[in-house]
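Each chain, written out:
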Amino acid sequence: MSVTTLSSQGLAQRQPSWLVRLFDYKPFLIVMCLAPAIGLLSVFLTYPLGLGIWLAFTDTTIGRRGVFVGLENFQYLLTDPLWWNAVFYSVVYTGIATFGKFALGFWLALLLNNHFPFKSILRAIILLPWIVPTVLSALAFWWIYDPQFSIISYLLVDVLHWRSSNVDFLGSAWPARFSLIAANIWRGIPFVAISLLAGLQTISPSLYEAAMLDGASAWQRFRYITFPMMMPILAIVMTFSIIFTFTDFQLVYAITRGGPGNSTHLLATLAFQRGIAGGELGEGAAIAVSMIPFLVFATLFSYFGLARRKWQQGESND
Amino acid sequence: MTDTVAQTAAVADAKAAPDTMAWDSGLRRLMMIYLPLGCFVLILLFPFYWMAITSFKPNAELLNYKQHNPFWISSPTIAHIKHLLFDTSYPRWLWTTMTVAIGSTTLSLIASTLAAYAIERLRFRGSPYVGLGIYLAYLVPPSILFIPLATVIVQFGLFDSPLALILVYPTFLVPFCTWLLIGYFKSIPYELEECALVDGATRLQILRRITLPLAVPGLISAGIFSFTLSWNEFIYALAFIQSGANKTVPVAILTELVTGDVYQWGALMAGSLLGSLPVAVFYSLFVDYYVSSLTGAVKE
């Protein structure tokens, strides 16, 4: 097509107009526009994803090409107590942290939805934990959880006299697990709160007025107006939150590195330890791949479980 | 103040008796809104306060709670920051992080603007599916990809080079930015482009002269978001960079400054504070764009 249009052009403008015409030819333009994004994503996302699944079925180590070993890696993982431990903690971590983030985040969103002075400044400040690099705030938590100089221990022991000895936050399994969950909740609250606040602001006030005229109590207004109206946004935010909490790496790596006694390994940190630090690429890839079923299940559950109303009604206005 | 409280209270609680309402709801408001809000702010900000105050405390004060109130500094010092800037490669790490963040942000903005324009404005058969595919890419977490990506990076000979990070970060930036920009392009009236087409403008001229200038707020939002995300990225930077000099700030602090059994908390916290400042400052300049991109993306 560009050739035929070209011949009708004046000779003087041939060179620029040939290029211009080529770039105005829609199919070519579409390909050119999509090329950078699709190219980057296929080379650095789709290809590695496939490669990762392939690696999980080989015995590759760093510096040696592996051979196909079938399900051997996965069979080994099933007998590995550390893997089971990581699965267990990943599920516990995701479950409790998601619940905490959403309960507190929703509460904070409801609080922020009121009118008070300096609201926009407050909203900006509240997002800080989410903006700051996670590893750096995790370091602050590590310092807060210090066995000897923890500021929380100081408060409890020397100021409030509630305890007689320092809290051992990271020294034993369960306290360490809950300390990490607390740090994760702290980091996640702002995102949940601000996203849900956006949802709250889209609910029409006339619904509340109508409910109040009918004599609905504050709880009833929340239960029958706010909550159902928030469902679609809750579903999306929760899907994201679950995916990124389950695959979390930074907090655990920065604060405990999986310790004490491997009790706080998440699947991602275990995969790193085996795959990169230990050099067993195949096994590490198998651990990473073993996250996929959990992720798919969690996504389907939170998305379809919560967004039920929406797809039942077949709404597609966004 | 009391006026507005009374007014909102009158709207909020029509059933209460008019005379006791103002005082009662004022107290109620304090208990139900300001008190919990205060607690939230206190808890959300405390780690930063603690980080900041630790970075300026001399070591003697840092580890002695009996004689010094830990919540305050009696003799502030900049020794930790000095140590960081002159005895370690901290400036180098900051520079690397900045380069990587700016490089990957630019790359992703270009790629996602073009992609969003093609999907939303050039409309071809299957364009919604391409959009969906790019969106799905956002749901693939880096924790699954870092091991195979490490082998890909080695194959390309980019191991231990910041260029690897610049090329890899768009994998999580492009999906988000594309998604955001599609929303922005949607809000620009198509009639404007039609007018330009009638006047004989080419597609690229339309993109450059009409669509992009109107989408500037979207571009800024996407840019800030990308910048903070790439500044904060950790797992790829940890896996792909080996030599001390090429590390980004979050990785370097954790792997280069945490040494031995006695942690230099002052220096660690000073490093964290300095590493957080650029994003915090950047964020505070564009906070409205940031919030709107966050919430806009959720609503989309």
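Since the model is a prediction, treat every value here as computed from it, not as a measurement. (Residues numbered from 1 in each chain as written. Chains lettered and ligands numbered in written order. Predicted model: local features only at pLDDT ≥ 70, side-chain atom pairs only at ≥ 80, totals over all residues.)

1. Things to note about the overall build of chain B
Secondary structure summary: chain B contains 16 helices and zero strands in total. Taken over 300 residues, chain B has a buried fraction of 43%. Contacts in chain B between residues far apart in sequence, at least 24 positions, make up 73% of those at least 6 positions apart. (Helix = DSSP H or I, 4+ residues; strand = E, 2+ residues; numbered from the N terminus. Buried ≥ 20, exposed ≤ 12 C-beta atoms within 10 Å, placed from the backbone. Contact = placed C-beta atoms within 7 Å.)

2. Digging into the overall build of chain A
If you tally the helices and strands in chain A, you get 17 helices and zero strands. Here the C-alpha atoms of chain A give a radius of gyration of 26 Å, more than 25% beyond the 20 Å that 2.2 N^0.38 yields for 318 residues. Along the first, second and third principal axes, the C-alpha atoms of chain A reach 90 × 70 × 40 Å. Per-residue burial for chain A yields a buried fraction of 40% across its 318 residues. A separation threshold of at least 6 residues defines the contact pool for chain A, and within that pool the share at least 24 residues apart is 68%. (Rg over C-alpha atoms; globule rule 2.2 N^0.38 Å.)

3. Regarding unusual backbone geometry
Residue A:F118 is not a glycine yet carries a positive backbone phi of 60°. Tracing the backbone shows A:F118 in the loop between α5 (81-112) and α6 (119-126). In this structure, B:D160 takes a positive phi of about 70° despite not being glycine. With respect to the helices and strands, B:D160 occurs in the loop between α7 (142-155) and α8 (162-168).

4. Things to note about the environment of B:L149
Positionally, B:L149 belongs in helix α7. Residues B:L149 and B:V168, 19 residues apart in the sequence, show an inter-C-alpha distance of 8.6 Å. When residues no more than four places from it in sequence are discounted, the contact partners of B:L149 are A:F44, A:P48 and B:V168.

5. Observations concerning the interface of chain B and chain A
Taken residue by residue, the interface counts 76 residues in chain B and 74 residues in chain A. Per-element accounting of the side of chain B that touches chain A gives the leading share, 12 residues, to helix α2 (residues 18-55) of chain B. Split into classes, the residues belonging to the side of chain B that touches chain A amount to 58 nonpolar, 15 polar and three charged. (Nonpolar A, V, L, I, M, F, W, Y, C, P; charged D, E, K, R; others polar.)

6. A short note on the confidence of the model for chain A
All names here are of chain A. In the predicted model, chain A carries a mean pLDDT of 85, and the fraction of residues at 70 or more is 91%. For chain A, helix α1 (residues 2-7) is the element with the lowest average pLDDT, namely 46, and α5 is the one with the highest, namely 93. Overall, residues 1-14 carries pLDDT values under 50, and its contacts beyond four positions in sequence, including any with other chains, amount to nine contacts. Contacts for the low-pLDDT stretch residues 310-318, under 50 throughout, to residues beyond four places or in other chains number three contacts. (pLDDT = per-residue confidence, 0-100.)

7. With respect to the environment of B:S143
When you line up the elements, B:S143 lands in helix α7. Exposure remark for B:S143: the 25 C-beta atoms within 10 Å place this residue in the buried category. If sequence neighbours within four positions are ignored, B:S143 has contacts with A:T247, A:F249, A:A268, A:A271, A:A288, A:M291 and B:I235.

8. Quick notes on the nonpolar core
Counting 165 residues, the largest nonpolar core has A:A37, A:L139, A:A193, A:I255 and B:A115 as its most contacted members. Looking at which element gives the most residues to this core, the answer is helix α10 (residues 173-201) of chain A, with 14 residues. Once residues within four sequence positions are removed from consideration, A:L139 is found in contact with A:A254, B:I253, B:L268 and B:S272. (Core = buried A, V, L, I, M, F, W, Y, C linked by C-beta atoms within 7 Å.)

9. Points about the packing of helix α4 (residues 79-87) of chain B against helix α15 (residues 265-285) of chain B
All names here are of chain B. Orientation of α4 relative to α15, taken along the N-to-C sense of each, is 75°, at an axis distance of 8 Å. Compared by their axis directions, α4 and α15 come out roughly perpendicular. Along the contact surface, α4 presents H80, I81, H83 and L84, while α15 presents G266, A267, A270, G271 and L274. Residue composition of the contact of α4 with α15, by class: five nonpolar, four polar and no charged. (Axes fitted to C-alpha atoms, helices over the stretch in contact; angles between N-to-C directions. Parallel < 35°, antiparallel > 145°, perpendicular 65-115°, else oblique.)

10. Concerning the confidence of the model for chain B
All names here are of chain B. Confidence in the prediction of chain B, expressed as mean pLDDT, is 83, and 88% of residues score 70 or more. Averaged pLDDT values over the elements of chain B bottom out at 46 in helix α1 (residues 2-12) and peak at 93 in α8. Confidence drops under pLDDT 50 across residues 1-19; counting only partners more than four residues distant or on other chains, this segment forms 18 contacts.

11. Considering helix α3 (residues 26-55) of chain A
Spanning 30 residues, α3(A) covers 40 Å between terminal C-alpha atoms, matching the ideal 44 Å at 1.5 Å per step. For α3(A), the principal kink sits at A:A35 and spans about 45°; a proline, A:P36, occurs within the next four residues. (Expected span 1.5 Å × (residues − 1). Bend = angle between axes of the 7 residues up to and from the residue.)

12. Regarding the packing of helix α6 (residues 127-137) of chain B against helix α9 (residues 170-187) of chain B
Describing two packed helices takes the angle between their axes plus the distance from one axis to the other. All names here are of chain B. α9 packs onto α6 with a crossing angle of 135° between their chain directions and a minimal axis gap of 8 Å. It follows that α6 is oblique to α9 by the angle criterion. The handedness of the crossing between α6 and α9 comes out as left-handed. Where α6 approaches α9, its residues G131, I134, Y135 and A137 are matched on the opposing element by P175, T178, W179 and I182. In terms of residue class, the contact of α6 with α9 is made up of six nonpolar, two polar and no charged. (Left-handed = near helix turned anticlockwise from the far one by under 90°.)

13. A few points about helix α11 (residues 205-213) of chain A
By the criterion of burial, α11(A) is predominantly exposed, with just zero of the nine residues buried. Once α11(A) finishes, A:G215 follows within two positions and takes phi at roughly 85°, a positive value.

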